[in-house]
Amino acid sequence: MSETTHVVKGMTCSGCMSKVTAAVTGVDGVTDVDVDISNGELTVVSDAPVDPAAIRKAVGDAGYEMAS
């Protein structure tokens, strides 16, 4: 199991949280997603390491940006 935490910019409400969760859940290999809008953290759980570029793309497709 692999767990990574990322910071996502611009999330301010439960709708934002839902969009990011849905987008990242669709990334191959992701088994669980937790979004904390109070601090902008996105925690991704997977069976094996997931390419950070795939997560960044999913977040971008949802309309948000990961902090560098």
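Further up the page is the structure itself.
Procedures and definitions
- Residues numbered from 1 in each chain as written.
- Predicted model: local features only at pLDDT ≥ 70, side-chain atom pairs only at ≥ 80, totals over all residues.
- Heavy atoms only, no water.
- Pairing = 2+ DSSP bridges.
- Helix = DSSP H or I, 4+ residues; strand = E, 2+ residues; numbered from the N terminus.
- Buried < 20%, exposed > 50% of the residue type's maximum accessible area, 1.4 Å probe, protein only.
- Arc of directions from axis to C-beta.
- Contact = heavy atoms within 4.5 Å.
- Polar contact = N/O pair within 3.5 Å; in protein donor to acceptor, adjacent residues only side chain to side chain.
- Salt bridge = Lys/Arg side-chain N within 4 Å of Asp/Glu carboxyl O.
- Disulfide = S-S within 2.5 Å.

Chemist: Can you help me understand the pairing of strand β2 (residues 30-36) in this one?
Modeler: Side chains on a regular strand alternate between the two faces of the sheet. Relative to strand β3 (residues 41-46), β2 is paired through six bridges, and the arrangement is antiparallel. Its bridge partner lying in β3, aspartate 32 is registered against valine 45. In textbook terms, the turn of a hairpin is the stretch between consecutive antiparallel strands, and for β2 and β3 this stretch comprises four residues, one of which, glycine 40, has a positive phi near 75 degrees.

Chemist: Just to check I follow, could you spell out helix α2 (residues 52-61) for this structure?
Modeler: Each turn of an α-helix holds 3.6 residues, which means side chains three or four residues apart point in the same direction. Every buried residue belonging to α2 is among Ile55, Ala58 and Val59, and all of these are buried. Seen along its axis, α2 keeps its buried residues to an arc of 100 degrees; they face one direction. Facing away from the buried side of α2 by over 90 degrees, the exposed positions are Lys57 and Asp61. On its buried face, α2 is in contact with β1 (2-9), α1 (14-25), β3 and β4 (65-66). Structurally, the start of α2 carries an N-cap: the backbone nitrogen of alanine 53 is 3.0 Å from a side-chain oxygen of aspartate 51. One or two positions beyond α2, positive phi appears at glycine 63, with a value near 100 degrees.

Chemist: Would you mind going over the pattern of salt bridges with me for this structure?
Modeler: Side chains that carry opposite charge are capable of pairing whenever their charged atoms lie near each other. Throughout the structure, instances matching the rule amount to two salt bridges. The salt bridge involving lysine 57 is made with aspartate 61; its shortest N-O contact spans 2.8 Å. Placement of both lysine 57 and aspartate 61 in helix α2 is noted, with a separation of four residues, approximately one turn of the helix. This pair shows no difference in class: lysine 57 is exposed, exactly as aspartate 61 is.

Chemist: Teacher, can you tell me more about the state of the cysteines here?
Modeler: Note on terminology: disulfide describes a covalent bond linking the sulfur atoms of two cysteines. Tallied over the entire structure, the rule returns zero disulfides. With no disulfide of its own, cysteine 13 lies 3.4 Å from the sulfur of cysteine 16, the closest cysteine sulfur. On the basis of relative accessible area, cysteine 13 is assigned to the partly exposed category, the value being 35%.

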